[in-house]
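One-letter residues, chain by chain:
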Amino acid sequence: MARADDIAAGQALYSPFVLAAYDWFVLGCSNRLLWRCPTPALQRLYDRNVSARHVDIGVGTGYFLDKARWPVAKPGITLVDLNPNSLAAAGRRIARFAPRTVRANALASLPAMGPFESAGLCYLLHCLPGDLAAKAAVFDYLRPALTPGARVFGATILQGDVRRSWAAQKLMNLYNGKGIFSNAGDTRQALAAALEARFRGVKIEIKGAVALFEARAD
């Protein structure tokens, strides 16, 4: 089981100051120039998977939820994150949907909630400690809250088997050294194994250093 301080390290960076710059730095610059996965690709992932009853785990600033093409005018949205600053920022951003906010550790039992027809985990896994086999516990804790056929989707930055520029590798090494990332051994094969053991219809697309994944709950 991941240590509490390792889990905290992956989310502690997200202060109100950092969150204020997140969209510009990560979604505007890093995605395009370093990870080589333009933000519109992640937005399309949301657009084709969000539902009327959605849970987002690891919410960032709420950017994708704000921009998503929802299938209904008033979706029921639950935000789950360990960091209260992220919950507050995302909650304000999509306040028009009156989201429920839940402060919880994704690598532990989640409070009773749902059922949900879709679940988004965007840029969460590479921030969780351990290898992908250990991080996949997040899916085990999530599954009881999903309806049959619910869409499970997200994106994670890989390192073990993807090509990276010199600058991207240096930044990944820095982030891993500080505990912000824990993806030194994360590979497409390991991600596929974790998803296929729990879901059906698994699809993984590699864009630059990023794996975009989609699957269905049983």
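Residues numbered from 1 in each chain as written. Predicted model: local features only at pLDDT ≥ 70, side-chain atom pairs only at ≥ 80, totals over all residues. Heavy atoms only, no water.

### Describing the pattern of salt bridges
Short version of the rule: The salt bridge criterion pairs a side-chain nitrogen of Lys or Arg with a carboxyl oxygen of Asp or Glu, the two atoms within 4 Å. Helix numbers and strand numbers start at the N terminus; a helix is a DSSP run of H or I with at least 4 residues, a strand a run of E with at least 2. Exposure classes here rest on a 1.4 Å probe applied to the protein chains alone. A residue is buried below 20% of its type maximum, exposed above 50%, and partly exposed in between.
By the definition in use, this model includes 11 salt bridges. The salt bridge involving R93 is made with D23; its shortest N-O contact spans 2.6 Å. With a gap of 70 residues between them, R93 in helix α5 (residues 84–93) and D23 in helix α2 (residues 16–34) connect regions that are remote in the sequence. Among the salt bridges present, the one from E205 reaches K207, with a minimum N-O distance of 3.5 Å. What makes K207 partly exposed here is its relative accessible area of 26%.

### Examining the environment of F213
This is how it is decided: Working rule for contacts: check all heavy atoms of both residues, and any pair within 4.5 Å makes them a contact.
Here F213 lies in strand β7 (residues 210–216). On the basis of relative accessibility, which here comes to 0%, the residue F213 falls in the buried class. When the C-alpha positions of F213 and L195 are compared, they lie 8.8 Å apart, and in sequence the two are 18 residues distant. Non-local contacts of F213, meaning those with residues more than four positions away in its chain, are made with L45, L121, L125, F139, V152, F153, G154, A155, L191, L195, K203 and I204.

### Looking at the confidence of the model for the protein chain
The line we're drawing: pLDDT measures the predictor's confidence residue by residue and takes values from 0 up to 100.
In the predicted model, the protein chain carries a mean pLDDT of 91, and 94% of its residues have values of at least 70. In this model residues 6–11 is a low-confidence stretch, pLDDT under 50, and it forms 13 contacts with partners more than four residues away in sequence or in other chains.

### Description of the nonpolar core
The following threshold applies: What is meant by a nonpolar core is a set of buried Ala, Val, Leu, Ile, Met, Phe, Trp, Tyr and Cys residues, joined one to another through side-chain atoms within 4.5 Å.
If you look at the biggest cluster of nonpolar residues, it comprises 73 residues, and the most contacted ones within it are W35, I57, L121, Y123, F139 and L146. It is strand β5 (residues 146–157) that provides the largest number of residues to this core, a total of 6 residues. Residues in contact with L146, not counting those within four places in the same chain, are F116, A119, V152, F199 and A217.

### Points about the side chain of D56
Basically, it comes down to this: Within this scheme the basic residues Lys and Arg register as positive and the acidic residues Asp and Glu register as negative, but His and the chain ends are omitted. What qualifies as a polar contact is a pair of N or O atoms within 3.5 Å, subject to a donor-acceptor requirement within protein and to the restriction that residues adjacent in sequence count only when both atoms come from side chains.
Relative to the assigned elements, D56 resides in strand β1 (residues 53–57). Of the buried charged residues, D56 lacks a salt bridge, with R93 as the closest side chain of opposite charge at 11 Å. Within the structure, the side chain of D56 is placed 2.7 Å from the side chain of H54, a separation counted as a polar contact. In this structure, D56 is in contact with Y46, L65, T78, L79, V80 and G120, ignoring residues within four places of it in sequence.

### Comments concerning the packing of α2 against α5
To be explicit about the condition: All axes are obtained by fitting lines to C-alpha atoms, using only the stretch in contact for helices, and the reported angles, taken between N-to-C directions, cover 0 to 180 degrees. Convention used here: angles under 35 degrees read as roughly parallel, angles over 145 as roughly antiparallel, angles from 65 to 115 as roughly perpendicular, and any remaining angle as oblique. Each helix crossing is assigned a hand: it is left-handed if the near helix lies turned anticlockwise from the far helix by less than a right angle, otherwise right-handed if that turn is clockwise. Gly is put with the polar residues, along with every residue not named as nonpolar or charged; the nonpolar set is Ala, Val, Leu, Ile, Met, Phe, Trp, Tyr, Cys and Pro, and the charged set is Asp, Glu, Lys and Arg.
Relative to each other, α2 and α5 sit at 50°, their axes nearing to 9 Å. It follows that α2 is oblique to α5 by the angle criterion. Note on packing geometry: the crossing formed by α2 with α5 is right-handed. Here P16, L19 and D23 of α2 lie close against α5, whose contacting residues are N85, S86, A89 and R93. Of the residues in the contact of α2 with α5, the class split is 3 nonpolar, 2 polar and 2 charged.

### What about the packing of aromatic side chains?
Worth spelling out the cut-off: The pairing test for Phe, Tyr and Trp rings, Trp by its six-membered ring, is centres within 6.5 Å, and the orientation test on the planes gives stacked under 30 degrees, edge-to-face over 60, and tilted for anything in between.
Here the structure, examined in full by the defined rule, presents 9 aromatic pairs. Centroid distance W24 to F25: 6.3 Å. Interplanar angle 40°. Geometry classified as tilted. Ring geometry for Y175 against F181: centres 4.8 Å apart, planes inclined by 70°, an arrangement best described as edge-to-face. For Y175, a relative accessible area of 16% translates into the label buried. Judged by relative accessible area, F181 falls into the buried class, the value being 5%. Each residue in the set Y46, Y63, F64 and F153 is aromatic and connected to the rest through ring pairs, giving one cluster.

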